[in-house]
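# Residue-level structural notes
These are the residues of each chain, in order.
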Amino acid sequence: QVQLVESGRGLVQAGGSLRLSCKASGSIFSLNPMGWYRQAPGKQRELVATVRSGIPTNYAGSVRGRFTISTDYAQNMVYLQMNSLKPEDTAVYYCYARHQVTRAEYWGQGTQVTVSS
């Protein structure tokens, strides 16, 4: 069983930056893909960014060029660097991972990001 724990929640003004972190309970070598999703109030959960074998593979159009996903295999971490934040980025952000052999999916509990105008 893999546990994912997010950190980095915060309140930031529009135009500001924030970095989210996700720590896995074990090695992330067998977790592919990993990624970040978000869910705003009254909306469905949506993909933000994914990474496979350390290489970013997908960004939502609304965040491309502003957000960067990255991994640290030594620390079993996945990061989401968010720059030029907008009020519409306000949401609960979830870390996600899928085991590449068992296909089991794992989710973190979510971390709140609020961007004020």
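Residues numbered from 1 in each chain as written. Predicted model: local features only at pLDDT ≥ 70, side-chain atom pairs only at ≥ 80, totals over all residues. Heavy atoms only, no water.

On to the overall build of the protein, then. If you tally the helices and strands in the protein, you get zero helices and eleven strands. Moving toward the C terminus, one meets the helices and strands of the protein in the order β-β-β-β-β-β-β-β-β-β-β. Oriented by its inertia axes, the alpha-carbon framework of the protein measures out at about 45 × 25 × 25 Å. Residues classed as buried in the protein amount to 44% of the 117 residues present. Residue pairs in contact within the protein that sit at least 24 positions apart in sequence constitute 54% of those at least 6 positions apart. (Helix = DSSP H or I, 4+ residues; strand = E, 2+ residues; numbered from the N terminus. Buried < 20%, exposed > 50% of the residue type's maximum accessible area, 1.4 Å probe, protein only. Contact = heavy atoms within 4.5 Å.)

Turning to unusual backbone geometry, a few remarks are in order. Each neighbour pair has its own omega, and for N32 with P33 the value is 0°, a cis peptide bond. Along the chain, the position of P33 falls in strand β4 (residues 31-39). Its identity as a non-glycine residue notwithstanding, S53 has a phi of 55°, on the positive side. Topologically, S53 is positioned in the loop between β5 (46-52) and β6 (55-59). Overall, the relative accessible area of 48% leaves S53 in the partly exposed class. In this structure, N76 is a non-glycine residue whose phi angle is positive, near 55°. Overall, N76 belongs to the buried group, its relative accessible area being 17%.

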